[in-house]
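One letter stands for each residue in the lines below.
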2 protein chains.
Amino acid sequence: MHQPPATARRVTIGDVARHAGVSTTAVSKVLRNAYGTSAHMRSRVHAAVDALGYRPSAAARALRGRTWTVGVMLPDVRNPFFADILDGVTEHLDSTDYQLFMTSGCDDVASEARVTEAMIDRSMDGLILIAPVSPPRHLERVAQTVPTVVIGRHSRSARFDTVNDDDFIGAGLIVAHLAALGHRRIAHIEHHETDRIRLAEMPNALRADGYRHAMREHGLGEHIDVASTSYTRAGGQHGAKILLDREDPPTAIFAGADVVALGVLDALTEAGLSAPGDISVAGYDNITLAGIRAVSLTSIDQGGHRIGTAATRLLLDRITDPDRQATQVKLTPTPVVRGTTGPPR
Amino acid sequence: MHQPPATARRVTIGDVARHAGVSTTAVSKVLRNAYGTSAHMRSRVHAAVDALGYRPSAAARALRGRTWTVGVMLPDVRNPFFADILDGVTEHLDSTDYQLFMTSGCDDVASEARVTEAMIDRSMDGLILIAPVSPPRHLERVAQTVPTVVIGRHSRSARFDTVNDDDFIGAGLIVAHLAALGHRRIAHIEHHETDRIRLAEMPNALRADGYRHAMREHGLGEHIDVASTSYTRAGGQHGAKILLDREDPPTAIFAGADVVALGVLDALTEAGLSAPGDISVAGYDNITLAGIRAVSLTSIDQGGHRIGTAATRLLLDRITDPDRQATQVKLTPTPVVRGTTGPPR
């Protein structure tokens with residue numbers, strides 16, 4: 001049989017490797033945007049891709065059974081912190097052939113079960129689950145079926161990777177900032193939690209732990225004061241009212257999340273008080289809103305973009321090598337000091 | 001065997017191919033908007049499609065199997081208004097077997113082309129496109145391939161349905177509110193637009209038109225004053241600076257979007273001014289942030305939830321009956337008066 005003329009033949013990954021003078025594995029790594037490629041190798045491979053007009057064959061993809069789809073489950077689309085994570089994911093995927101589709105797990109166990117099943121059912125190649133509330137057994141089962149990375153939950157699993165900011169450290173940074181300003185009666189508003197597993201894995205629980213630990217470290221153990229409400233604006237308003245009603249109210253409130261801090265600010269305004277004049281207020285997450293002049297909320301930046309990028313890199317790695325050892329990435333957050341914190345009156 | 005009469009026979013993809021003088025594969029590629037089609041081939045195929053009145057058969061689609069997937073393309077996940085729309089979509093889909101997946105079109109024509117192709121490529125059953133910026137021809141082509149509903153763009157198409165708030169009326173409601181407070185020098189910050197189609201279809205252009213029209217209706221035609229920047233916070237800051245530098249600065253600013261109004265408030269703070277004491281400020285969209293006490297922005301509520309529900313209802317209808325007449329739904333928005341507007345000094 002005749003060999004088709006060279007011009008009709010599709011450019012393969014082998015051609016790219018030969019042209020670039022590197023291995024096909026190296027080409028594959030560069031195209032997947034994987035770890036362990038040098039800038040030099042990347043530029044050679046991209047030059048070869050451009051020179052040869054290489055495009056991965058749709059047929060080859062189908063044969064391998066990949067759908068080139070990454071699914072992201074997020075609790076809701078309202079929290080701007082998740083948008084930062086998605087930016088990181090998108091930026092990393094943009095240089096690959098993967099398409100991102102996201103859907104909401106609605107912060108609810110039954111919804112998360114439905115959504116993860118739907119993503120598996122559509123043969124997605126990998127999943128990123130943001131702040132899932134499902135029991136560990138469900139997460140393990142999902143990860144057994146499809147390469148999975150979990151963000152915003154300090155799980156320890158052999159089957160999936162996790163990427164988190166260090167919430168324990170983050171809470172300590174806020175306490176340190178307030179203590180340095182001269183505050184002693186620093187109170188905390190936490191998300192009420194009784195479930196044993198969540199107390200070990202959820203960011204909110206680690207922030208409350210970090211607060212208590214840091215208070216003791218600064219010799220303020222006797223001033224530890226926690227209002228246990230919820231990570232919502234109403235929870236912040238309620239928590240602030242509880243704390244302001246104390247016989248000896250705090251001079252500073254560390255709310256476990258920015259949305260909670262907004263509720264605290266509402267409650268202060270209602271009580272005819274202001275921050276930081278009457279009381280200092282700090283949040284956590286550094287949502288876009290925190291940076292608006294009219295709000296100007298002191299907060300903790302988790303670096304959502306960085307978290308998204310790290311998670312995506314781990315996921316593409318895991319799609320290639322589903323059996324590799326699980327990795328737990330913990331990134332150190334950054335305090336962002338703004339107008340709602342100052343010295344005590 | 002009898003040949004069925006020509007009028008009863010459905011036009012097939014083969015007919016289109018013969019009429020255009022290309023292969024059926026080529027037709028399919030053009031209709032799917034796939035890579036590797038020349039401009040020449042596209043124009044021939046589209047001419048044949050138009051001449052024969054070809055529409056892909058619903059039965060043929062059903063044979064290929066439903067995927068029970070609805071795709072939503074949104075410009076970004078940061079604007080809380082889109083979250084309201086998604087709530088409406090989700091609520092309506094929850095009672096069906098459809099699963100929602102969303103992805104960002106990045107407010108960019110090339111990205112939107114990639115994303116719509118990806119959704120079609122994954123055989124999604126129907127698409128909801130939120131505030132797309134693609135040229136009408138692209139939207140038509142997408143809608144020809146898959147049942148489509150467009151939100152946030154006042155298109156007039158025979159192939160897809162649209163759901164919008166009445167932006168013209170909405171702008172008029174803000175002008176009426178400010179005029180009733182006694183303002184006469186009411187200025188507007190618009191999103192700069194020169195493209196003829198966008199000037200006819202985009203909500204921002206209709207809001208600017210509505211502002212001008214309402215000013216004249218209130219006998220304030222001589223005070224029409226528009227700063228043309230962009231629908232961003234920076235655009236709001238810049239627009240406010242332009243307007244404050246006028247010899248006779250306005251006593252009220254109607255920003256075309258809440259995010260713009262936030263930039264205006266930033267600029268006022270910077271200039272040592274406040275709203276409504278020195279100048280009244282109103283936005284549009286009623287984002288969550290507008291309701292926060294520290295911001296308390298007068299705005300226009302488009303009813304995102306209602307828009308999402310209406311769009312989903314139309315889409316499921318269209319999936320069942322792809323050939324039904326296109327519907328344009330226009331919902332009347334509601335003004336939400338808060339703390340940033342008051343009588344002029």
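Looking at an unreviewed UniProt entry, one finds chain A named LacI family DNA-binding transcriptional regulator and attributed to Actinoplanes subglobosus.

Visitor: I would appreciate a short explanation of the overall build of chain A in the present structure.
Guide: If you tally the helices and strands in chain A, you get 13 helices and 12 strands. Each principal axis of the C-alpha distribution contributes one length, and for chain A these read about 95 × 40 × 35 Å. Out of the 345 residues in chain A, the part that is buried amounts to 52%. Of the roughly 15,000 Å² that chain A leaves accessible, carbon and sulfur atoms contribute 52%.

Visitor: How should I be thinking about helix α13 (residues 304–320) of chain A in this particular structure?
Guide: The α-helix advances 3.6 residues per turn, and as a result positions three or four apart in sequence lie on the same side. With 17 residues, α13(A) ought to run about 24 Å at 1.5 Å a step, and its terminal C-alpha atoms sit 25 Å apart, in line with that. The buried fraction of α13(A) is high, at 13 of 17 residues.

Visitor: Explain the packing of aromatic side chains here, please?
Guide: Two measures describe an aromatic ring pair: the distance that separates the ring centres and the angle between the ring planes. All names here are of chain A. Enumeration over the complete set of coordinates arrives at four aromatic pairs over all chains. On the numbers, 5.9 Å between centres and 45° between planes, the contact of F81 with F82 is tilted. Looking at F81, the relative accessible area reads 8%, which means it is buried. Taking NZ or CZ as reference, R207 lies 3.8 Å from the ring centre of Y284, over its face.

Visitor: Where do I start with the interface of chain B and chain A in this structure?
Guide: Think of interface size as the accessible area that goes away when the parts come together; that is how it is often given. Contact with chain B, which involves 37 residues of that partner, is made by 37 residues of chain A. Buried area between chain B and chain A, summed over both chains or domains, comes out near 3,000 Å², and the portion from carbon and sulfur atoms is 56%. In terms of surface lost to chain A, no three residues of chain B exceed B:R78, B:F101 and B:R293, which account for 22% of the buried area on that side. Here chain B and chain A share two salt bridges between them. B:R114 is the partner of A:D94 in a salt bridge, and the nearest nitrogen-oxygen pair spans 3.8 Å. Here chain B and chain A share 13 residue pairs in polar contact (both at pLDDT 80 or more) between them. Sorting the residues of the side of chain B that touches chain A by element identifies β1 (69–74), α5 (80–93), β2 (99–104), α6 (109–121) and α12 (258–270) of chain B as the ones contributing at least two each. When residues in the side of chain B that touches chain A are grouped by element, the largest group, six residues, is from β2(B). For the side of chain B that touches chain A, the per-class residue count stands at 19 nonpolar, eight polar and 10 charged.

Visitor: Quick question: what am I supposed to make of the side chain of A:N286 here?
Guide: Residue and element names in this part refer to chain A. Of note, N286 is situated in the loop between β9 (280–282) and β10 (299–301). At 2.9 Å, the side chain of N286 and the side chain of R338 are in polar contact. Among residues more than four places away in sequence, those in contact with N286 are D258, S299, I300, D301, V336 and R338.

Visitor: What's the story with the domain arrangement of chain A in this structure? I'm lost.
Guide: Here chain A is partitioned into domain 1 (13–56), domain 2 (68–165 + 304–330) and domain 3 (167–302). The C-alpha-based centres of domain 1 of chain A and domain 2 of chain A are spaced at 27 Å.

Visitor: Could you clarify how one ought to interpret the environment of B:A118 in this entry?
Guide: Its place among the elements puts B:A118 in helix α6. In the structure, B:A118 is positioned 47 residues away from B:G71 in sequence and 10.0 Å away in space, judged by C-alpha atoms.

Visitor: Sorry if this is basic, but what is going on with unusual backbone geometry here?
Guide: Excluding glycine, residues mostly carry a negative phi; peptide bonds, for their part, are mostly trans. Residue and element names in this part refer to chain A. With omega at 0°, the peptide bond leading from A275 into P276 counts as cis. Relative to the helices and strands, P276 resides in the loop between α12 (258–270) and β9. Here N286, not a glycine, exhibits a phi torsion of approximately 50°, which is positive.

Visitor: So what exactly am I meant to see when it comes to the packing of helix α11 (residues 233–244) of chain B against α12(B) here?
Guide: When two helices pack together, their arrangement is given by the angle between the helix axes and the distance between those axes. Residues and elements named next belong to chain B. One can describe the packing of α11 onto α12 by two numbers: an axis separation of 6 Å at closest approach and a directional angle of 50°. The orientation of α11 relative to α12 falls into the category oblique. Note on packing geometry: the crossing formed by α11 with α12 is right-handed. Packed against α11, whose contacting residues are R233, G236, Q237, A240, K241 and L244, the element α12 presents V259, V260, L262, G263, V264, D266, A267, L268 and E270 at the interface. A breakdown of the residues in the contact of α11 with α12 according to their chemical character gives eight nonpolar, three polar and four charged.

Visitor: What exactly am I supposed to notice about the sheet that holds strand β8 (residues 252–255) of chain B here?
Guide: Strands pair in a sheet through their backbones, by hydrogen bonds, and they do so in one of two ways: parallel or antiparallel. Residue and element names in this part refer to chain B. Across the sheet, four strands lie side by side as β7-β6-β8-β9; this open sheet has parallel pairing. Across the chains shown, the open sheet's two edge strands, defined by having one partner strand only, are β7 (226–229) and β9 (280–282). Taken pair by pair, the neighbouring strands of this sheet meet at an average axis angle of 20°, ignoring direction. Across four bridges, strand β6 (residues 186–191) lies against β8 in parallel orientation. Counterpart to I186 in the pairing with β8 is A252. α12 rests against β6, β8 and β9 of the sheet, and its axis sits at about 155° to β9.

About the criteria used
- Residues numbered from 1 in each chain as written.
- Chains lettered and ligands numbered in written order.
- Predicted model: local features only at pLDDT ≥ 70, side-chain atom pairs only at ≥ 80, totals over all residues.
- Heavy atoms only, no water.
- Helix = DSSP H or I, 4+ residues; strand = E, 2+ residues; numbered from the N terminus.
- Buried < 20%, exposed > 50% of the residue type's maximum accessible area, 1.4 Å probe, protein only.
- Areas by Shrake-Rupley, 256 points an atom, 1.4 Å probe, with all protein chains shown as cover.
- Expected span 1.5 Å × (residues − 1).
- Phe/Tyr/Trp six-rings, centres within 6.5 Å; stacked < 30°, edge-to-face > 60°.
- Lys NZ or Arg CZ within 6 Å of the ring centre and 35° of its normal.
- Contact = heavy atoms within 4.5 Å.
- Buried area = accessible area lost by both parts, 1.4 Å probe.
- Salt bridge = Lys/Arg side-chain N within 4 Å of Asp/Glu carboxyl O.
- Polar contact = N/O pair within 3.5 Å; in protein donor to acceptor, adjacent residues only side chain to side chain.
- Nonpolar A, V, L, I, M, F, W, Y, C, P; charged D, E, K, R; others polar.
- Domains from an automatic or database assignment.
- Axes fitted to C-alpha atoms, helices over the stretch in contact; angles between N-to-C directions.
- Parallel < 35°, antiparallel > 145°, perpendicular 65-115°, else oblique.
- Left-handed = near helix turned anticlockwise from the far one by under 90°.
- Pairing = 2+ DSSP bridges.

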